[in-house]
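Each chain is listed here by its residues.
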Amino acid sequence: MSNASYRIRLAGAKLPEPVKAPAKRAWRAWGGLAARAYGRYYYTNAAHTWKNTTWLGVPIWKNPKDLWVYQEILWELKPDLIIETGTNLGGSALFFASMLDLVAADAGGRVMTVDITAHKELPEHPRIEYLHGSSIAPEIVTRFADAAAQASCVLVVLDSDHHYDHVVAELRALHDFVTVGSYLIVEDTNINGHPVNPFFGPGPWEAVDTFLAEQPGFVPDRSREKYMHTFNPRGFLQRTS
Ligand SMILES: C[S@@+](CC[C@H](N)C(=O)[O-])C[C@H]1O[C@@H](n2cnc3c(N)ncnc32)[C@H](O)[C@@H]1O
């Protein structure tokens with residue numbers, strides 16, 4: 001720190017608290033704006049950031065801070081079933097399976113993941129089952145229902161088509177598989193200007209609005225946004241009843 005800067009800070013520290021308070025509020029507000037700007041910058045530079053992220057060598061289109069939050073949720077819940085929509089290249093399914101290896105007390109925990117595109121060379125893992133089709137197709141929903149009926153703790157992650165109609169349809173079709181206390185995680189609620197990708201049109205954020213109005217038993221757990229940079233603002237929905 002330069003000598004001048006040090007002297008200014010020293011003088012500021014000696015000011016009475018009521019005088020310091022507005023400056024502290026302004027400093028904090030600036031931090032919030034900077035965090036949003038960072039979120040936009042990070043998202044816009046996809047080729048360098050989230051499309052350039054791997055888990056055990058497999059591409060995973062997620063924010064690493066969100067992955068840390070997933071790790072914390074999985075440790076707390078130790079789910080025996082994770083349902084994921086939107087497999088893509090399999091990185092997130094492999095991440096979930098790896099986490100289950102680490103946190104699950106038994107070998108029974110499994111990941112079911114669906115994609116409408118038949119992606120090739122998906123990573124193999126004994127816990128992962130790949131399904132091919134639309135996440136809202138009746139035959140796929142039935143497969144999920146059969147698995148959920150055998151499980152005591154179910155976590156659902158929606159990360160497929162992010163357009164409003166599809167996310168609402170997924171929420172309606174899959175929410176009931178989530179067990180009380182567990183989570184329905186709606187990925188990419190940040191798009192359509194929340195705060196990234198402002199021209200996307202109605203997407204996951206707006207779908208969550210519609211869903212919450214229908215299902216009061218789910219509550220956004222905003223404590224999961226503690227790292228202040230998430231792809232899922234208001235998207236960590238906890239089932240409370
Ligand atoms: C954002 S990527 C998923 C990213 C992945 N979960 C990850 O973290 O690496 C979205 C995927 O959803 C798939 N998708 C699009 N519409 C779908 C639908 N109706 N049902 C299932 N998957 C769909 C796409 O083919 C694409 O692979």
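Note that the structure is predicted; figures quoted are calculated from it, not measured.

**Digging into the overall build of the chain**
- Within the chain, the secondary structure is distributed over seven helices and nine strands.
- With 241 residues in all, the chain has 36% of them scored as buried.

**Considering the domain arrangement of the chain**
- Annotation of the chain at the domain level lists domain 1 (3-44) and domain 2 (54-239).
- Spacing between the C-alpha centres of domain 1 and domain 2 amounts to 36 Å.
- Of the residues that constitute the side of domain 1 that touches domain 2, the class distribution is three nonpolar, one polar and two charged.

**Considerations on the sheet that holds strand β5 (residues 128-132)**
- If you trace the seven strands from one edge of the open sheet to the other, you get β5-β4-β3-β6-β7-β9-β8, paired in mixed fashion. The open sheet terminates on both sides in strands that have one partner only, identified here as β5 and β8 (218-220). For this sheet, the mean inter-axis angle between neighbouring strands, taken without regard to orientation, is 20°.
- Pairing of strand β3 (residues 81-85) with strand β4 (residues 110-115), which is carried by five bridges, proceeds in the parallel orientation. When the bridges of β4 are listed, I83 appears paired with M112.
- Along the sheet face, helix α6 (residues 164-174) touches β3, β6 (154-158) and β7 (183-186) and points at about 170° away from the line of β6.

**Re the site of the ligand**
- Near the ligand you find 18 residues, and of these G86, N88, S92, S160 and D161 are the closest.
- Taken together, the elements giving at least two residues each to the shell around the ligand come down to α4 (91-103) and β4.
- Taken together, the residues that form the shell around the ligand break down as four nonpolar, 10 polar and four charged.

**Focus: the confidence of the model for the chain**
- Residues of the chain with pLDDT of at least 70 account for 99%, and the chain-wide mean is 96.
- The secondary-structure element of the chain with the lowest mean pLDDT is helix α1 (residues 3-13), recorded at 89, while β7 shows the highest, at 99.

**A short note on the packing of helix α3 (residues 64-77) against α4**
- Contact pair α3 / α4: the axes reach a minimum separation of 10 Å and the direction vectors enclose 40°. One element, α3, and the other, α4, form an angle in the oblique class. For the element pair α3 and α4, the recorded crossing hand is right-handed. Judged by residue contacts, L67, Y70, Q71, L74 and W75 of α3 engage F95, M99 and V103 from α4.
- Along the lines of polarity and charge, the residues of the contact of α3 with α4 split into seven nonpolar, one polar and no charged.

**Digging into α4**
- Its 13 residues give α4 an end-to-end C-alpha distance of 18 Å, which sits within 8% of 18 Å, the value for a rise of 1.5 Å per residue.
- For α4, the set of buried residues is G91, S92, A93, L94, F95, F96, A97, M99 and L100.
- Contact partners of the buried residues in α4: β1 (54-55), β2 (58-59), α3, β3, β4 and β5.

**A look at α6**
- Of the residues making up α6, those classed as buried are V167, V168, E170, L171 and L174. Down the axis of α6, the sector holding all buried residues measures 160°, keeping them to one side.

**Looking at the nonpolar core**
- Ranked by size, the top nonpolar core spans 45 residues in total, and within it I83, F96, V154, V156, F177, Y183 and L184 carry the most contacts.
- Per-element accounting of this core gives the leading share, seven residues, to α4.

**Things to note about unusual backbone geometry**
- The step from H194 to P195 runs through a cis peptide bond, and the omega angle for that step is 10°.
- Positionally, P195 belongs in the loop between β7 and α7 (204-214).

**Structural notes on the environment of G133**
- Within the secondary structure layout, G133 lies in the loop between β5 and α5 (138-149).
- Along the chain, G133 and S182 lie 49 residues apart, while their C-alpha atoms are 25 Å from each other.
- Leaving out residues up to four positions away in the same chain, G133 has contacts with V114, I116, E139 and I140.

**Examining the pairing of β4**
- With six of its six residues buried, β4 lies for the most part within the structure.
- Neither face of β4 is exposed, since R110, M112 and V114 on one face and V111, T113 and D115 on the opposite face are all buried.
- Relative to β5, β4 is paired through five bridges, and the arrangement is parallel. Paired with D115 across the two strands is H132, which belongs to β5.

Parameters and conventions
- Residues numbered from 1 in each chain as written.
- Predicted model: local features only at pLDDT ≥ 70, side-chain atom pairs only at ≥ 80, totals over all residues.
- Helix = DSSP H or I, 4+ residues; strand = E, 2+ residues; numbered from the N terminus.
- Buried ≥ 20, exposed ≤ 12 C-beta atoms within 10 Å, placed from the backbone.
- Domains from an automatic or database assignment.
- Nonpolar A, V, L, I, M, F, W, Y, C, P; charged D, E, K, R; others polar.
- Pairing = 2+ DSSP bridges.
- Axes fitted to C-alpha atoms, helices over the stretch in contact; angles between N-to-C directions.
- Contact = placed C-beta atoms within 7 Å.
- Near = placed C-beta within 6 Å.
- pLDDT = per-residue confidence, 0-100.
- Parallel < 35°, antiparallel > 145°, perpendicular 65-115°, else oblique.
- Left-handed = near helix turned anticlockwise from the far one by under 90°.
- Expected span 1.5 Å × (residues − 1).
- Arc of directions from axis to C-beta.
- Core = buried A, V, L, I, M, F, W, Y, C linked by C-beta atoms within 7 Å.

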